[in-house]
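Spelled out, the chains give:
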Amino acid sequence: MARVTIENDTLAVEIEGLDKLWALRSRLDIPLANVRGATRDPGIIRDRKGVRAPGTHLPGVITAGTWYHEGERIFWDVKNPDAAVVIELADERYTRLVIEVDDPRAVVALIERAASLR
């Protein structure tokens, strides 16, 4: 699971618990200027992921780490697809973050509100 906050002009995504081990990351800091938007998408877990490099994938249990799909680098940290949020990025290492959060609606609203204020 991830915790998402806005710190000054930065979107901070902190990976929590053992997910740090599975995702091989503990934190991602993205300038708000590079955040295109966010959506709640429980169905994304069924999408093709591509090539894992590096990361963890146990079908029906966890998808975490870096994945390459159709020329894009995507960061995943999802166990419960009902809590999945997709954050679209521009001019960043990752083109998309697919993360599980406590309250998907609140996280999407936070990101959309911050993006609209830029």
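Presented here is a report on the structure given in the accompanying data block. (Residues numbered from 1 in each chain as written. Predicted model: local features only at pLDDT ≥ 70, side-chain atom pairs only at ≥ 80, totals over all residues. Heavy atoms only, no water.)

**Section: the sheet that holds strand β9 (residues 96-100)**
Turning to step 1, where the next piece is worked out: Reading across the sheet, the six strands line up as β4-β8-β9-β7-β6-β5 and stay open at both edges, with mixed pairing between neighbours. Where the open sheet ends on each side, the last strands, each with one partner, are β4 (35-40) and β5 (51-58). Neighbouring strand axes in the sheet, compared pairwise and without regard to direction, differ in orientation by 15° on average.
Turning to step 2, where the next piece is worked out: Here five bridges tie strand β8 (residues 84-89) to β9, and the two strands are oriented antiparallel to one another. The residue of β9 that forms the bridge with Glu-88 is Arg-96.
Turning to step 3, where the next piece is worked out: Against the sheet, helix α2 (residues 104-116) contacts β4 and β8, and its axis sits at roughly 160° relative to β4. (Pairing = 2+ DSSP bridges. Helix = DSSP H or I, 4+ residues; strand = E, 2+ residues; numbered from the N terminus. Axes fitted to C-alpha atoms, helices over the stretch in contact; angles between N-to-C directions. Contact = heavy atoms within 4.5 Å.)

**Description of the side chain of Asp-19**
Turning to step 1, where the next piece is worked out: The residue Asp-19 is located in helix α1 (residues 19-23) in this model.
Turning to step 2, where the next piece is worked out: Asp-19 sits in the buried class, given a relative accessible area of 2%.
Turning to step 3, where the next piece is worked out: Only 3.1 Å separates the side chain of Asp-19 from the side chain of Lys-79, close enough to count as a polar contact.
Turning to step 4, where the next piece is worked out: Filtering out sequence-adjacent residues up to four positions away, Asp-19 remains in contact with Met-1, Leu-24, Ile-62, Asp-77 and Lys-79. (Buried < 20%, exposed > 50% of the residue type's maximum accessible area, 1.4 Å probe, protein only. Polar contact = N/O pair within 3.5 Å; in protein donor to acceptor, adjacent residues only side chain to side chain.)

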